[in-house]
Amino acid sequence: MADLRELYQEVIIDHSKSPRNFCKLEHANREAEGFNPLCGDKITLYLEITENTIINSSFTGSGCAISTASASLMTEAIKGKSLKDAEALFEKFHVMLTQGDDKVDLGKLNILAGVKQFPMRVKCATLAWHTMHAALEDQHAPVTTE
Ligand code: ZN
């Protein structure tokens, strides 16, 4: 169990140090900004959507290891998903982090399940997802976690 936790930590450190899809997306047709005042995490999320499918996603910004790793993992997870499936994934991810349901199989995203033990960090982990939701809704005002 301890080894597994270490492995998870390694993945989070890896994704926070060298985030995937960390760039401005050239052909983005949706964009949203998110801010987590509790921690100071900032993110700009870019999505390229064609016919209800997210064909590409990327992000820029700065934040703590958890927020960066979560955004990195999210941009990988939602690529190729329909808008409906991406929102459903957010729903499940949120349940995992807030209700501690770690039986949900979210693939790589399960790595972040441990964050539920640190309620202050849940907002770091969900910031990218709230921002994705805003981008899908085509909401232009920046998202702020409460
Ligand atoms: Zn944070």
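The residue numbering used here restarts from 1 in each chain and proceeds along that chain's sequence as written. Side-chain atom pairs in this predicted model are given and counted only at pLDDT of 80 or more, local residue features only at pLDDT of at least 70, and totals for whole chains, interfaces and linings cover all residues. Hydrogens and water are ignored here; the side-chain numbers use all heavy atoms of the structure.

Glancing now at helix α2 (residues 65-78). Each helix corresponds to a stretch of at least 4 residues labelled H or I by DSSP, and each strand to a stretch of at least 2 residues labelled E; elements are numbered beginning at the N terminus. Take the residue count of a helix, subtract one, and multiply by 1.5 Å to get its expected span. Relative to the 20 Å expected for 14 residues at 1.5 Å per residue, α2 spans 20 Å between its end C-alpha atoms, a close match to the ideal helical length. With twelve of 14 residues buried, α2 lies mostly within the body of the structure. Relative accessible area decides the class of each residue, using a 1.4 Å probe on protein chains only: under 20% of the type maximum gives buried, over 50% gives exposed, and in between gives partly exposed. Taken together, the buried positions of α2 are occupied by I66, S67, T68, A69, S70, A71, S72, L73, M74, T75, A77 and I78. Of the residues one or two after α2, G80 is the one with positive phi, at around 90°.

Each pair of aromatic rings taken from Phe, Tyr and Trp, with Trp reduced to its six-membered ring, is defined by centres within 6.5 Å and is described as stacked if the planes are under 30 degrees apart, edge-to-face if over 60, and tilted in the remaining cases. For the structure on display, the rule yields three aromatic pairs. Residues F90 and W129 carry aromatic rings whose centres are separated by 6.0 Å and whose planes lie at 20° to one another, so their mutual orientation is stacked. You can see F90 sitting in helix α3 (residues 83-99) and its partner W129 sitting in helix α4 (residues 119-136), a full 39 residues away along the chain. Residue W129 is classed as buried on the basis of its relative accessible area, which comes to 0%. One aromatic cluster in this structure is built from F90, F93 and W129.

Turning to α4, a few remarks are in order. With 18 residues, α4 should reach 26 Å at 1.5 Å per residue; the first-to-last C-alpha distance of 26 Å fits that figure. Of all the positions in α4, only V122, C124, A125, T126, L127, A128, W129, T131, M132, A134, A135 and L136 are classed as buried. Buried positions along α4 lie against β1 (30-36), β2 (41-50), β3 (53-62), α2, α3 and β4 (143-144). Among the residues trailing α4, D138 stands out with phi positive, at a value near 60°. Residue contacts are defined here by distance: any two heavy atoms, one from each residue, within 4.5 Å place the two residues in contact.

Residues other than glycine seldom take positive phi values, yet E51 does so here, at roughly 45°. Relative to the elements of secondary structure, E51 occurs in the loop between β2 and β3. Its identity as a non-glycine residue notwithstanding, D138 has a phi of 60°, on the positive side. Residue D138 is classed as partly exposed on the basis of its relative accessible area of 39%.

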